[in-house]
Amino acid sequence: MPRQKVVVFQASVPANSYVDLQPPGTATWLVFSIECSGAFELRRVNGGNTIALGRVLGKADFAVPIVVNNSNFLRLVNVSGATQHVAVTYFVD
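All of these numbers come straight from a predicted model, not from anything done at the bench.

The next subject is the environment of valine 6. Tracing the sequence through the fold places valine 6 in strand 1 (residues 5–13). Given a relative accessible area of 48%, valine 6 falls into the partly exposed group. With 82 residues separating them in the primary sequence, valine 6 and valine 88 have C-alpha atoms 10 Å apart. When neighbours within four sequence positions are excluded, valine 6 is seen to be in contact with Phe32, Thr89, Tyr90 and Phe91.

Pairing is possible between side chains that carry opposite charge, provided their charged atoms lie close to one another. On inspection of all chains with the given rule, the structure shows four salt bridges. The residue aspartate 20 makes a salt bridge to arginine 75 at a minimum N-O spacing of 2.7 Å. With aspartate 20 in strand 2 (residues 18–21) and arginine 75 in strand 5 (residues 72–78), this residue pair connects regions lying 55 residues apart in the sequence. Looking at aspartate 20, the relative accessible area reads 26%, which means it is partly exposed. Exposure remark for arginine 75: the relative accessible area of 16% places this residue in the buried category. Measuring nitrogen to oxygen at the nearest pair gives 3.9 Å for the salt bridge that ties lysine 59 to glutamate 35.

What counts, and at which threshold
- Residues numbered from 1 in each chain as written.
- Predicted model: local features only at pLDDT ≥ 70, side-chain atom pairs only at ≥ 80, totals over all residues.
- Heavy atoms only, no water.
- Helix = DSSP H or I, 4+ residues; strand = E, 2+ residues; numbered from the N terminus.
- Buried < 20%, exposed > 50% of the residue type's maximum accessible area, 1.4 Å probe, protein only.
- Contact = heavy atoms within 4.5 Å.
- Salt bridge = Lys/Arg side-chain N within 4 Å of Asp/Glu carboxyl O.

Encoded structure:
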């Protein structure tokens with residue numbers, strides 16, 4: 001079994017823009033925490049389909065991590081109306 005590494009990703013996201021949590025190549029990430037300074041909409045992107053999962057206001061900890069890979073990933077959309085900061089904690093194989 002490969003050893004896992006905890007990574008914290010941080011970004012400033014302008015209003016009405018987004019950041020994708022999309023691993024490169026064949027990597028898999030397990031997302032277990034999202035913190036933000038405003039409101040972000042959490043979306044699942046799978047090929048041509050985009051599904052809204054809900055909103056993150058402040059912090060979201062997931063009891064079961066969200067699995068993402070290159071073709072099935074998360075998109076965090078800033079819906080706050082101003083540039084906001086977001087931090088995501090995840091495991092990397």
